[in-house]
Each structure stands twice: as C-alpha cells, then as structure tokens.
Amino acid sequence: MQILVVDDDALAGEMTTAVLEDQGYQVVQAANAVEAVEQLNAHPQIALIVSDMNMPLISGIDLYRDLKEQGQTQPFILLTGDDPAHLCAKEPGLDACIQKDFNLEQSLPIAVTQALARQS
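Residues numbered from 1 in each chain as written. Predicted model: local features only at pLDDT ≥ 70, side-chain atom pairs only at ≥ 80, totals over all residues. Heavy atoms only, no water.

Brief notes about the side chain of E91
Among the structural elements, E91 can be located in the loop between α4 (84–90) and β5 (96–99). Separated by 2.7 Å, the side chains of E91 and R65 make a polar contact. With residues up to four places along the chain from it excluded, the contact list for E91 reads I61, Y64 and R65. (Helix = DSSP H or I, 4+ residues; strand = E, 2+ residues; numbered from the N terminus. Polar contact = N/O pair within 3.5 Å; in protein donor to acceptor, adjacent residues only side chain to side chain. Contact = heavy atoms within 4.5 Å.)

A few points about the sheet that holds strand β2 (residues 26–30)
Taking strand neighbours across the sheet as the criterion, the 5 strands line up as β2-β1-β3-β4-β5 in an open arrangement whose pairing is parallel. Two strands lie at the open edges of the sheet, namely β2 and β5, each paired on one side alone. Pairwise comparison of adjacent strand axes, ignoring direction, gives a mean angle of 20° for this sheet. Pairing of strand β1 (residues 2–6) with β2 involves 5 bridges; the strand directions are parallel. Within β2, the position partnered with Q2 by the bridge is Q26. Set on the sheet, helix α1 (residues 10–22) makes contact with β1, β2, β3 (46–52) and β4 (76–80); between it and β2 the angle comes to about 165°. (Pairing = 2+ DSSP bridges. Axes fitted to C-alpha atoms, helices over the stretch in contact; angles between N-to-C directions.)

Regarding the pattern of salt bridges
Under the defined criterion, the tally for this structure stands at 5 salt bridges. A salt bridge links K100 to D52, with the shortest nitrogen-to-oxygen separation between them at 3.1 Å. Of this pair, K100 sits in the loop between β5 and α5 (104–119) while D52 sits in strand β3, and the two are 48 residues apart along the sequence. A relative accessible area of 6% means that D52 is categorised as buried. The salt bridge involving D95 is made with R118; its shortest N-O contact spans 3.8 Å. Of this pair, D95 sits in the loop between α4 and β5 while R118 sits in helix α5; the two residues are 23 residues apart in sequence, bridging distant segments of the chain. Take D95: its relative accessible area is 24%, and that puts it in the partly exposed class. Here the residues in one salt-bridge network are D7, D52 and K100, joined through shared partners. (Salt bridge = Lys/Arg side-chain N within 4 Å of Asp/Glu carboxyl O. Buried < 20%, exposed > 50% of the residue type's maximum accessible area, 1.4 Å probe, protein only.)

Interpretation in functional terms is not warranted from these geometric data alone.
Structure below.
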C-alpha cells in the first residue's frame, strides 16, 4: 500500500517515511503541495496522505481542502507542531491531526491503521 508524505522539511519527511516504511508501507514523498498533486497524478494507487501543516505557500490544511474540492477521497492525516485538537476542531473532515513529537513512532501508525479501517 502506498502513502504520500508531504513535508517541506527533508529531515522531518524522512523521519515520517521511516516510521511508515517500518510498518510495511511504500512511501512516496513530496516537498510541497504542488509536488503532492503531481505525485497523486503519477501514482493513482496512493491510499492515504500524511502532510505537514506548516509549509510555505500552501499549508497542509489548504492542501487538504484543495484535494477535497478536486474530488480526492484518500484519508488525510495532518502533522503539526501546534495543538492538534485545535486543527481537528477547525477541520472535522480530517482523519487525524497528530503532533510532531517524540511519540510520532507510536501515534502515526495507529492513526494510519484507523484511517484506513474507516475507508474500507
């Protein structure tokens, strides 16, 4: 199963990718929202999107909204350094909002499993 990771910080993107690959997922990376759309077009089998919130030009939440307007239906998980509860309340259609912290190794796989279970 393929997952798209969108993060403008290369190191953070690699860390997120490593967590997901350890769970057996294939990961495609994008450094920004424009690349994310390109990757979605190039890899229609992408089953889930994990995006950083704070990116230049187009934020993760704006990427989510743009993709929904375009008819994309993949589950979407937002990673943030801020309070995740506030973001989820602001955008209830998100599958999960997770804080980027030392618990990411545990919290991200759980969120991915739950999001994929709701999708099927």
